[in-house]
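Examination of the molecular architecture
Single-letter residue listing:
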Amino acid sequence: MFSARLRGSEEVPPVSTNAKGKFFARLLDDGSRLEFSLEIEEIQNAFEGHIHLGRRGVNGPIVVFLFGPLRHPVSVRKGAAIVTGTITRENLVGPLQGHSLRTLIRQMRSGNAYVNVHTRQNPNGEMRGQIGHR
């Protein structure tokens, strides 16, 4: 299992926001698919969510699109919006394009990946969370 807690304070530079989120992912038995769930709360105008490569405090390139770009951004005042999906090697982009899913898994296990949700008011990222392994 992999997880991340997303907060504005984790952005580089930090963002003052009430937005928060949770990311969970599970590697399926055959190792070729990663199922994920991304829950976002108290956020306005979210239009993209990604997994990026990078250690805590360091911005890095996008390697997986979790959602977006959306033409009509999502806003959540009460409750949560939940995005679910499956990541395979075909979903890898940027520096991981053409690599196996295991390459992404190694980066996540080593603490070198984070989830980032982008909004119209903070296009570089409204909230971020480092992916951990348990």
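For the structure itself, look to the data block above.
First things first, this report covers the structure right here in the doc. Fair warning: this is a prediction, and the values are worked out from it, not measured in the lab.

**Digging into the overall build of the chain**
Each helix and strand in the chain was counted, giving one helix and 10 strands. The linear arrangement of helices and strands in the chain, starting from the amino end, is β-β-β-β-β-β-β-α-β-β-β. Each principal axis of the C-alpha atoms in the chain carries an extent, and together these give about 40 × 30 × 25 Å. A separation of at least 24 residues holds for 63% of the contacts in the chain among residues at least 6 apart in sequence. In the structure as shown, the chain presents an accessible area of about 6,900 Å², 47% of it carried by carbon and sulfur atoms.

**A short note on the pattern of salt bridges**
Summed over all chains, the structure comprises three salt bridges. Two residues, Glu-10 and Arg-56, come together in a salt bridge whose shortest N-O distance is 2.6 Å. Taken together, the residues Glu-10 in the loop between β1 (2-7) and β2 (20-27) and Arg-56 in the loop between β4 (43-53) and β5 (62-67) connect sequence positions 46 residues apart. Assessed through its relative accessible area of 54%, Arg-56 is described here as exposed. Two residues, Glu-42 and Lys-20, come together in a salt bridge whose shortest N-O distance is 3.8 Å. You can see Glu-42 sitting in the loop between β3 (34-41) and β4 and its partner Lys-20 sitting in strand β2, a full 22 residues away along the chain.

**Quick look at the nonpolar core**
Core analysis: the biggest nonpolar cluster contains 32 residues, and Phe-23, Ile-51 and Leu-104 have the highest contact counts within it. Going through the elements one at a time, β1, β2, β3, β4, β5, β7 (81-87), α1 (101-109) and β8 (113-119) are the ones with two or more residues in this core. Aside from chain neighbours lying at most four places away, what touches Leu-104 is Leu-34, Ile-51, Val-63, Val-64, Ile-87, Leu-92 and Leu-96.

**Describing the side chain of Glu-126**
Mapped onto the secondary structure, Glu-126 falls in the loop between β8 and β9 (127-130). At 2.8 Å, the side chain of Glu-126 and the side chain of Asn-122 are in polar contact. Setting aside its immediate chain neighbours within four residues, Glu-126 contacts Gly-8, Glu-11, Val-15, Thr-17, Ala-19, Ile-43, Val-117, His-118, Thr-119 and Gln-121.

**Here we look at the packing of aromatic side chains**
According to the stated counting rule, one finds one aromatic pair in the structure shown. On the basis of an interplanar angle of 25° and a centroid distance of 6.3 Å, the ring pair of Phe-23 and Phe-36 is categorised as stacked. Here the residue Phe-23 occupies a position in strand β2, and Phe-36 occupies one in strand β3, the gap between them amounting to 13 residues. You can call Phe-36 buried: its relative accessible area is 7%. Its end group placed over the ring of Tyr-114, Arg-128 keeps NZ or CZ at 3.4 Å from the ring centre.

**Concerning the environment of His-99**
Along the polypeptide, His-99 turns up in the loop between β7 and α1. Under the relative-accessibility criterion, His-99 is labelled partly exposed at 34%. Placed 76 residues apart in sequence, His-99 and Phe-23 show a C-alpha to C-alpha distance of 23 Å. Excluding residues that lie within four positions of it along the chain, His-99 makes contacts with Arg-89 and Leu-92. Separated by 3.5 Å, the side chain of His-99 and the backbone oxygen of Pro-95 make a polar contact.

What counts, and where the lines are drawn
- Residues numbered from 1 in each chain as written.
- Predicted model: local features only at pLDDT ≥ 70, side-chain atom pairs only at ≥ 80, totals over all residues.
- Heavy atoms only, no water.
- Helix = DSSP H or I, 4+ residues; strand = E, 2+ residues; numbered from the N terminus.
- Contact = heavy atoms within 4.5 Å.
- Areas by Shrake-Rupley, 256 points an atom, 1.4 Å probe, with all protein chains shown as cover.
- Salt bridge = Lys/Arg side-chain N within 4 Å of Asp/Glu carboxyl O.
- Buried < 20%, exposed > 50% of the residue type's maximum accessible area, 1.4 Å probe, protein only.
- Core = buried A, V, L, I, M, F, W, Y, C linked by side-chain atoms within 4.5 Å.
- Polar contact = N/O pair within 3.5 Å; in protein donor to acceptor, adjacent residues only side chain to side chain.
- Phe/Tyr/Trp six-rings, centres within 6.5 Å; stacked < 30°, edge-to-face > 60°.
- Lys NZ or Arg CZ within 6 Å of the ring centre and 35° of its normal.

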